[in-house]
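Below are the chains, spelled out letter by letter.
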Amino acid sequence: QVQLVESGGGSVQTGGSLRLSCAAVGYTGSTNCMGWFRQVPGKEREGVASISRSRGTTFYADSAEGRFTVSQDNTKATLYLQMNSLKPEDTAMYYCAASISACWVNWADSRNFPYWGQGTQVTVSS
């Protein structure tokens, strides 16, 4: 069983930066894709960025491209999301997720991710 714990959320002003971390606990050998999702109350959960555990290939939503960077620390089994040039529209609850499926199947589909963290809140004020 895989357990995920996010951290690093907080409140920043427009243009600021945050780095989210996701620690994976337990057996992770069967997970092929890890990613970040976010959700605003009343809206669907959306994929932000994902990374292939084996190849390191990254995937980004259009809204994140150029501003966010997803990476992984294989030795510590930790996933990161560096967020720069934050905007108020980035405000959401951010979730770390892991999938047995390969990222290329559909990295942005939450239905492909059976393992989830508890979420960490990101608030960007203007």
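In what follows, the structure referred to is the one given above.
For clarity, every value in this text was computed on a predicted model and none was experimentally measured.

A. Up close: the environment of Gly 8. Tracing the sequence through the fold places Gly 8 in the loop between β1 (2–7) and β2 (10–13). Gly 8 sits in the partly exposed class, given a relative accessible area of 34%. Considered as a pair, Gly 8 and Cys 22 are 14 residues apart in the sequence and their alpha carbons are 8.8 Å apart.

B. View of the side chain of Gln 72. Relative to the elements of secondary structure, Gln 72 occurs in strand β7 (residues 68–73). Only 3.3 Å separates the side chain of Gln 72 from the backbone oxygen of Ser 52, close enough to count as a polar contact. One polar contact links the side chain of Gln 72 to the main-chain carbonyl oxygen of Arg 53, over a distance of 3.0 Å. Gln 72 has contacts with Ile 51, Ser 52, Arg 53, Gly 56, Thr 78 and Leu 79, leaving out every residue within four places of it along the chain.

C. A look at the state of the cysteines. Enumeration over the complete set of coordinates arrives at two disulfides. Across a sulfur-sulfur distance of 2.0 Å, Cys 22 and Cys 96 are joined as a disulfide pair. The chirality of the disulfide connecting Cys 22 with Cys 96 is left-handed, given an S-S dihedral of about -75°. Separated by 74 residues along the polypeptide, Cys 22 in strand β3 (residues 18–26) and Cys 96 in strand β9 (residues 92–99) bring together distant segments of the chain. In this model, Cys 33 is linked to Cys 103 through a disulfide, with the two sulfur atoms separated by 2.1 Å. Looking along the S-S bond of the Cys 33-Cys 103 disulfide, the torsion reads about 100°, which is the right-handed sense. Linking Cys 33 in strand β4 (residues 33–39) with Cys 103 in helix α1 (residues 103–106), this pair joins segments that are 70 residues apart in sequence. You'll find Cys 33 and Cys 103 in the same group, each marked buried. Across the chain, the disulfide pattern expressed with sequentially numbered bonded cysteines is 1-3, 2-4.

D. Expanded view of the pattern of salt bridges. All told, the structure shown has four salt bridges when counted by the stated rule. A salt bridge links Arg 38 to Asp 90; the nearest nitrogen and oxygen atoms lie 3.0 Å apart. Taken together, the residues Arg 38 in strand β4 and Asp 90 in the loop between β8 (78–83) and β9 connect sequence positions 52 residues apart. Taken individually, Arg 38 and Asp 90 each receive the classification buried, so the pair is uniform in this respect. Residues Asp 109 and Arg 111 are paired through a salt bridge, measuring 3.0 Å at the closest nitrogen-oxygen approach. With relative accessibility at 15%, the residue Asp 109 sits in the buried group. The exposure class assigned to Arg 111 is exposed, which follows from its relative accessible area of 74%.

Rules used throughout
- Residues numbered from 1 in each chain as written.
- Predicted model: local features only at pLDDT ≥ 70, side-chain atom pairs only at ≥ 80, totals over all residues.
- Heavy atoms only, no water.
- Helix = DSSP H or I, 4+ residues; strand = E, 2+ residues; numbered from the N terminus.
- Buried < 20%, exposed > 50% of the residue type's maximum accessible area, 1.4 Å probe, protein only.
- Polar contact = N/O pair within 3.5 Å; in protein donor to acceptor, adjacent residues only side chain to side chain.
- Contact = heavy atoms within 4.5 Å.
- Disulfide = S-S within 2.5 Å.
- Salt bridge = Lys/Arg side-chain N within 4 Å of Asp/Glu carboxyl O.

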